[in-house]
Amino acid sequence: MGSDTEAEKSIQKENKKKVISLAPIAKPLAGKKLQKRTFKLIQKAAGKKCLKRGVKEVVKSIRRGQKGICVIAGNISPIDVITHLPILCEEAGVPYAYVPSKEDLAQAGSTKRPTCCVLVMLNPAKGELSAEDLESLKTDYEQVADDVKELASDVI
């Protein structure tokens, strides 16, 4: 058959790495379509300052009763860093999903540093959103939240 170019081989190798390095607890894992929608939502939320990044901030926000969607990276090492997050999310009624790569999660969240988890909220940390910004964020948020809840119900 035909031989792959070097670029295609490197992309295939990179994709294999992502799959191999997933943590065994990374369930429910978002599919390609849901990942794309989730990353778009994270980008919007980062622009509107409605995003909490990192384990410490996410845990603090959930314990304080803030609602949102928790997105956790599946390739975290050591895994002990994030093992308590799904339980915390379930107790608080916060929908959560895993994505394969912490690098992709950080890129969507507008940071260069790889991020373990993010919490997408509807209201910003400081100030208020305009009505149209809130409406556009809310529609994307609800669509992703419904998909994540459906994904979680399939796993259980």
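Here the structure is a predicted model, which means the values were calculated and not measured. (Residues numbered from 1 in each chain as written. Predicted model: local features only at pLDDT ≥ 70, side-chain atom pairs only at ≥ 80, totals over all residues. Heavy atoms only, no water.)

1. Here we look at the pattern of salt bridges
Here is the rule we go by: Definition used for salt bridges: Asp or Glu carboxyl oxygen within 4 Å of a side-chain nitrogen of Lys or Arg. What counts as a helix is a DSSP run of H or I of at least four residues, what counts as a strand is a run of E of at least two, and both are numbered from the N terminus.
A complete count under the given rule lists three salt bridges for this structure. Here Asp133 and Lys48 are joined by a salt bridge, their closest N and O atoms 3.9 Å apart. Placement of the pair is Asp133 in helix α6 (residues 131-155) and Lys48 in the loop between α2 (32-47) and β1 (51-53), with a sequence separation of 85 residues.

2. Examining the side chain of Ser61
Put simply, the test is: Pairs of residues are marked as contacts when any of their non-hydrogen atoms sit within 4.5 Å.
Within the fold, Ser61 resides in helix α3 (residues 55-63). When near neighbours in sequence (up to four residues on either side) are disregarded, Ser61 contacts Lys52, Gln66 and Leu119.

3. Let's talk about the pairing of strand β2 (residues 69-73)
What counts, and what does not: Burial classification: accessible surface area is computed with a 1.4 Å probe over protein chains only, and a residue below 20% of its type maximum counts as buried, one above 50% as exposed, and the rest as partly exposed. By definition, two strands form a pair when at least two bridges between them are found by DSSP. Handedness of a crossover: with both strands directed away from the viewer, a clockwise path from the first strand across the helix to the second marks it as right-handed.
Among the five residues of β2, five are classified as buried, and the element is accordingly described as predominantly covered. Burial along β2 is two-sided: the face carrying Ile69, Val71 and Ala73 and the face carrying Cys70 and Ile72 are both buried. Pairing between β2 and strand β4 (residues 117-120): four bridges, direction antiparallel. Bridging from a neighbouring strand, Cys70 pairs with Leu119 of β4. In this structure, β2 lies alongside strand β3 (residues 96-99), joined through four bridges in parallel fashion. By the bridge assignment, Ile72 is partnered in β3 with Tyr98. Once the chain exits β2 it traverses helix α4 (residues 85-92) before rejoining the sheet at β3, and the crossover so formed is right-handed.

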